[in-house]
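# Structure at a glance
These are the residues of each chain, in order.
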Amino acid sequence: MELMDKYLISWIVFLPLLGAGIILLLDGTRPRAIRTVALFAMIASFLVSIQLFLRFDSQLSTYQFVQRVDWIPAFKITYQVGVDGISLLLVMLTTLLGPLVILSSWSQVSDRVKEYHVFMLLMQTGMLGAFAAMDLFLFYVFWELMLIPMYFLIGVWGGPRRIYAAIKFFLFTMFGSVLMLIAIIYLYFYAGNDFDLIVIMNKLMAEPLRVNIQLWLFAAFALAFAIKVPMFPFHTWLPDAHVEAPTAGSVILAGVLLKMGTYGFIRFAMPFFPEAAFQAVPIISVLALIGIIYGALVSMVQDDVKKMVAYSSVSHLGFVMLGLFALTPQAVSGALIQMVNHGLSTGALFLLVGIIYERRHTRLISEFGGVSKPMPLFAAFFLIVCLSSIGLPGLNGFIGEFLILLGTYTSANPHAKLYAVLAATGVIFAAVYLLWMFQRVMFGPCSKPENQKLKDVNAREILYLAVLLVFIVWIGVYPRTFLSKTQVSVDNFVSFMHSHRLPELPPPAPAETGEEQP
């Protein structure tokens, strides 16, 4: 049993890579075999991750299932992986979405099927490795490994402006990555030539960096992660990437890749530089609020359904950033569960948009109307997912947003109540743009002949949508299953942040003049 625990995470991370290797050996003229191998590799990784979830001890805040192997001993670079309550749910989300995106592209991708699935599996390994990495060099390798497959997925299988979108995505992400690499190298030398996450943390706790150095290094990490989230005003690459990416690419981009930014903040930027993080609270909070409101208002005026969903991500992830920097247990717990919620709800929205695009080859809202008549089951799925994204009680979105708003309202920030009230308007705006879009697409007369002939969802589409709906309802009705896995780690994180602020300097003593003070 101990031997299995030791290699559990490696199986989860590298089963997709093994599947990619098998596909490379297959004949490219056998698309069904290629899709089947990719699907089974993703399912196998998910099944192993269930074991990880079930055997995870929620009473521990430390890393579990740790595996450490010397990789490049001369530079103290190790292959070291493990999970705690912060990364566990993100690993589970990634392995859950993997099989679903393969199923969703079963009939949508017919060109270069072999290369497409190799890139999907490579990206899955990169994402899982980044969430599990306990060595900064290893994390950076997996971080960059995610970038290359997504670049090709957008650039080869994307829409008419795919080259522009792919290059823009690459340049934005690469710019932030280079700055983060500089900060990682600084920490490597500061920790005595060691990339080990635990060693670096222990060094920073024993000998905290000066505030000005913390601010510079925090800025380097934060910029890389803010671009990935993306936060306002670093979001401009996102709509182009989402609109041009194939459906599966959009699902993975929204469901997992954007979470790399929020995960990076809570895993690296904030605990490494707690004083700088506290000083950044007003800036990050204001940018998060702008993102919440701006993303919602821009979503409201979109005439393309996919672009509307893309801008909604800016709004929803603004909630996550607001929760993380509220630095209360409720808000941080809400932020973590909201990362998962966004992956489920927005991932489902992109899948639904992909289904109707495959049938109509347009995403313009004006081209639809009355679609619920020929596609009643599709309309039912669409309505439930829209309501979950809005935050209807009983569905997953409500839990995350409620905890974030509650935790923000009760935080020590002097403007906390104002932040919470302003953020709550994002929930109202979400209801406006999602329900208005749903009304225009699904109701009214079905006057266009192309819409009258639309076929409802088939068994394969029902399968992957139903899986997402199970988790959407599960989290909404009984969130304790998932929150209990994160609570101890969240409490430990919040306590650590507040206890490792640098002490304030005492006020300067009055100058001695030799005269008796009155």
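This report concerns the structure included in the present document. (Residues numbered from 1 in each chain as written. Predicted model: local features only at pLDDT ≥ 70, side-chain atom pairs only at ≥ 80, totals over all residues. Heavy atoms only, no water.)

### Considerations on the overall build of the protein chain
Counting its regular elements, the protein chain contains 19 helices and two strands. The C-alpha radius of gyration computed for the protein chain amounts to 23 Å, which stays within 12% of the reference 24 Å derived for 518 residues, consistent with globular compactness. With the principal axes as the frame, the protein chain shows a C-alpha extent of 95 × 55 × 40 Å. Relative to its full complement of 518 residues, the protein chain shows a buried share of 60%. Considering only residue pairs separated by 6 or more positions, the protein chain has 81% of its internal contacts joining residues 24 or more positions apart. (Helix = DSSP H or I, 4+ residues; strand = E, 2+ residues; numbered from the N terminus. Rg over C-alpha atoms; globule rule 2.2 N^0.38 Å. Buried < 20%, exposed > 50% of the residue type's maximum accessible area, 1.4 Å probe, protein only. Contact = heavy atoms within 4.5 Å.)

### A word on the environment of Glu461
Mapped onto the elements, Glu461 comes out in helix H18 (residues 459–477). Excluding its chain neighbours within four sequence positions, the residues that come into contact with Glu461 are Ile355, Glu358 and Arg359.

### Quick look at the nonpolar core
Generally speaking, soluble globular proteins have nonpolar side chains that are buried together. Judged by nonpolar contacts, the single largest core of 192 residues is most densely connected at Leu187, Phe218, Phe221, Phe265, Phe272, Leu324 and Phe325. Per element, the largest residue contribution to this core is 16 residues, and it comes from helix H10 (residues 247–272). The residues touching Phe218, leaving out its near neighbours within four places in the chain, are Phe265, Ala269, Met270, Phe273, Ala276, Ala277, Ala280 and Phe325. (Core = buried A, V, L, I, M, F, W, Y, C linked by side-chain atoms within 4.5 Å.)

### Here we look at empty space enclosed by the protein
As enumerated under the stated definition, the model contains four cavities of 30 Å³ or more in all. The volume enclosed by the largest cavity comes to roughly 60 Å³. Along the walls of the largest cavity sit His316, Gln338, Asn341, His342, Ser345, Thr346, Ser388, Ser389, Asn396, Gly397 and Glu401, which together make up its complete lining. Broken down by secondary-structure element, the contributors of at least two residues to the lining of the largest cavity are helix H13 (329–360), helix H14 (376–390) and helix H15 (396–409). If you tally residues by element for the lining of the largest cavity, the top one is H13, at five residues. Its residues assigned to classes, the lining of the largest cavity shows no nonpolar, 10 polar and one charged. (1 Å grid on protein atoms, 1.4 Å probe; cavity = no way out; pocket = protein on both sides within 12 Å on 5 of 7 lines; lining within 4 Å. Points joined across faces, edges and corners; volume = space filled by probe spheres on them. Nonpolar A, V, L, I, M, F, W, Y, C, P; charged D, E, K, R; others polar.)

### Concerning helix H4 (residues 113–132)
Helix length check: H4, at 20 residues, gives a terminal C-alpha distance of 29 Å against a target of 28 Å (1.5 Å per residue), a fit within 8%. With 18 of 20 residues buried, H4 is to be regarded as a mostly interior element. (Expected span 1.5 Å × (residues − 1).)

### Details of the side chain of Gln214
For Gln214, the position within the fold is in helix H8 (residues 211–228). Of the polar contacts made by the side chain of Gln214, one reaches the backbone oxygen of Leu209; its length is 3.2 Å. (Polar contact = N/O pair within 3.5 Å; in protein donor to acceptor, adjacent residues only side chain to side chain.)

### Let's talk about the environment of Gly85
By secondary structure assignment, the location of Gly85 is in helix H3 (residues 85–104). Note: C-alpha distance between Gly85 and Gly295 (210 residues apart in sequence) is 29 Å. What Gly85 contacts, discounting residues up to four positions off in sequence, is Phe56, Lys485, Thr486 and Ser489.

### With respect to a nonpolar patch on the surface
The grouping of Val470, Val473, Trp474, Val477 and Tyr478 at the surface amounts to a nonpolar patch, some 470 Å² of accessible area in total. Checked against the element boundaries, Tyr478 lands in the loop between H18 and helix H19 (480–499). Among the residues examined, Tyr478 registers a relative accessible area of 46% and is labelled partly exposed. (Patch = residues over 30% accessible without salt bridge, like charges linked within 9 Å, V, L, I, M, F, W, Y side chains within 5 Å. Areas by Shrake-Rupley, 256 points an atom, 1.4 Å probe, with all protein chains shown as cover. Salt bridge = Lys/Arg side-chain N within 4 Å of Asp/Glu carboxyl O.)

### Overview of the pattern of salt bridges
The tally for this structure, following the rule as stated, stands at eight salt bridges. Between Arg363 and Asp304 there is a salt bridge, with its nearest N and O atoms 3.5 Å apart. Of this pair, Arg363 sits in the loop between H13 and H14 while Asp304 sits in the loop between helix H11 (274–300) and helix H12 (305–326), and the two are 59 residues apart along the sequence. Since its relative accessible area comes to 15%, Arg363 is described here as buried. A relative accessible area of 12% means that Asp304 is categorised as buried. Salt bridges sharing partners connect three or more residues here, namely Arg161, Lys168 and Asp240.

### Quick look at the packing of helix H5 (residues 136–157) against H10
At their nearest, the axes of H5 and H10 sit 12 Å apart, and the two run at 160° to each other. Between H5 and H10, the interaxial angle falls into the category roughly antiparallel. You can see that H5 and H10 cross each other, and the crossing is left-handed. Here Leu136, Phe139, Trp143, Met146 and Met150 of H5 come into contact with H10, specifically with Gly249, Ile252, Leu253, Leu257, Met260, Phe268 and Phe272. The class makeup of the residues in the contact of H5 with H10 is 11 nonpolar, one polar and no charged. (Axes fitted to C-alpha atoms, helices over the stretch in contact; angles between N-to-C directions. Parallel < 35°, antiparallel > 145°, perpendicular 65-115°, else oblique. Left-handed = near helix turned anticlockwise from the far one by under 90°.)

### Comments concerning the side chain of Thr328
Relative to the helices and strands, Thr328 resides in the loop between H12 and H13. The exposure class assigned to Thr328 is buried, which follows from its relative accessible area of 9%. Ignoring any residue separated from it by four or fewer positions in sequence, one finds Thr328 in contact with Gly407, Thr408, Ser411 and Val494.

### Notes on H8
Between the first and last C-alpha of H8 there are 25 Å, a value that for 18 residues agrees with the 26 Å anticipated at 1.5 Å per step. At its buried positions, H8 is contacted by H5, helix H6 (162–190), helix H9 (237–244), H10, H11 and H12.

### Quick notes on the pairing of strand E2 (residues 77–83)
Burial analysis of E2 places seven of its seven residues in the buried class, the great majority of the element. With burial as the criterion, each face of E2 is covered, one bearing Ile77, Tyr79, Val81 and Val83 and the other bearing Thr78, Gln80 and Gly82. The pairing of strand E1 (residues 64–72) with E2 spans six bridges and is classified as antiparallel. Across the sheet, the residue bridging to Ile72 is Ile77, located in E2. Counting the residues between successive antiparallel strands, the hairpin from E1 to E2 contains four residues, one of them, Lys76, with a positive phi of roughly 55°. (Pairing = 2+ DSSP bridges.)

### Some remarks on the packing of aromatic side chains
A complete count under the given rule lists 33 aromatic pairs for this structure. Taken together, a centroid distance of 6.5 Å and an interplanar angle of 15° make the contact between Tyr186 and Tyr190 stacked. One end of the pair, Tyr186, and the other, Tyr190, are both in helix H6, four residues apart, so they sit about a helical turn from each other. For the ring pair Phe398 and Phe402, a centre distance of 5.6 Å and an interplane angle of 20° mean the geometry is stacked. Of the two residues, Phe398 and Phe402 both sit in helix H15, four residues apart, roughly one turn of that helix. The partly exposed category is assigned to Phe402, whose relative accessible area is 44%. An aromatic cluster is defined as three or more aromatic residues linked by ring pairs; in this entry it consists of Phe131, Phe139, Trp143, Phe221, Phe225, Tyr263, Phe265, Phe268, Phe272, Phe273 and Phe325. Across the ring face of Tyr190, the terminal group of Lys203 is positioned such that the distance to the ring centre comes to 5.5 Å. For Lys417, the ring lying beneath its charged end belongs to Tyr409, and the centroid distance is 5.1 Å. (Phe/Tyr/Trp six-rings, centres within 6.5 Å; stacked < 30°, edge-to-face > 60°. Lys NZ or Arg CZ within 6 Å of the ring centre and 35° of its normal.)

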